[in-house]
Amino acid sequence: MKSCYYILLIFLASLCLNCEKASELPDPLEAGWNGEPVCEILEDNKELRVLKCTFPPNVGHELHYHNPHIGYTLTGGKFRITDSSGTREVDVPTGYTFKNAEKTTHEVLNIGETTAVFLIMEYR
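A few points on the structure. (Residues numbered from 1 in each chain as written. Predicted model: local features only at pLDDT ≥ 70, side-chain atom pairs only at ≥ 80, totals over all residues. Heavy atoms only, no water.)

Moving on, we come to the environment of Val59. Secondary-structure assignment places Val59 in the loop between strand E4 (48-55) and strand E5 (60-66). You can call Val59 buried: its relative accessible area is 19%. Along the backbone, Val59 and Glu36 are 23 residues apart, and their C-alpha atoms lie at a distance of 9.8 Å. When sequence neighbours within four positions are dropped, the list of residues in contact with Val59 reads Trp33, Val38, Leu109 and Asn110. (Helix = DSSP H or I, 4+ residues; strand = E, 2+ residues; numbered from the N terminus. Buried < 20%, exposed > 50% of the residue type's maximum accessible area, 1.4 Å probe, protein only. Contact = heavy atoms within 4.5 Å.)

The structure is reproduced here in structure tokens:
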């Protein structure tokens, strides 16, 4: 029984460390690429923050966290995404909707030949 208790404590401690690491990272508005911003605020009120993030070719988004959010692709593109599951290349089509119900972290790079544009909607 004691060993189960210790395993549970170690698991909970690792979750807390991951939360602390995420909170030390910039949010999507604060994060940029090579010192330049990639997102702008379209709406910011007590219920919702909406960001428009634009990624020309060879521009990305440094490692950052997202609170729970919904996203929409205004103009798609090809990205290299690095997150907790590894690194992969993804074609993101125009009109694609995505969501995350939990806090997440990732870094992206537009490896395509076109400028990609996303809306990110975060509930407060």
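That was the structure; now back to the text.
If you walk through the whole model with that rule in mind, you get five aromatic pairs. Judged by centre distance (5.8 Å) and plane angle (90°), the ring pair of Phe55 and Phe79 falls under edge-to-face. Here the residue Phe55 occupies a position in strand E4, and Phe79 occupies one in strand E7 (residues 77-83), the gap between them amounting to 24 residues. The same class applies to Phe55 as to Phe79, namely buried. When the ring of Phe79 is compared with that of Phe118, the centres are 5.5 Å apart and the planes differ by 65°; the resulting orientation is edge-to-face. You can see Phe79 sitting in strand E7 and its partner Phe118 sitting in strand E11 (residues 116-123), a full 39 residues away along the chain. Here the aromatic residues Phe55, Phe79, Tyr96, Phe98 and Phe118 are joined through ring pairs into a cluster of three or more. (Phe/Tyr/Trp six-rings, centres within 6.5 Å; stacked < 30°, edge-to-face > 60°.)

This part covers the nonpolar core. Judged by nonpolar contacts, the single largest core of 13 residues is most densely connected at Cys53, Phe55, Phe79 and Phe118. Broken down by secondary-structure element, the contributors of at least two residues to this core are E4, E7 and E11. Apart from the residues lying within four places of it in its own chain, the contact partners of Phe55 are Val38, Gly60, His61, Phe79, Val108, Asn110, Thr114, Thr115, Ala116 and Phe118. (Core = buried A, V, L, I, M, F, W, Y, C linked by side-chain atoms within 4.5 Å.)

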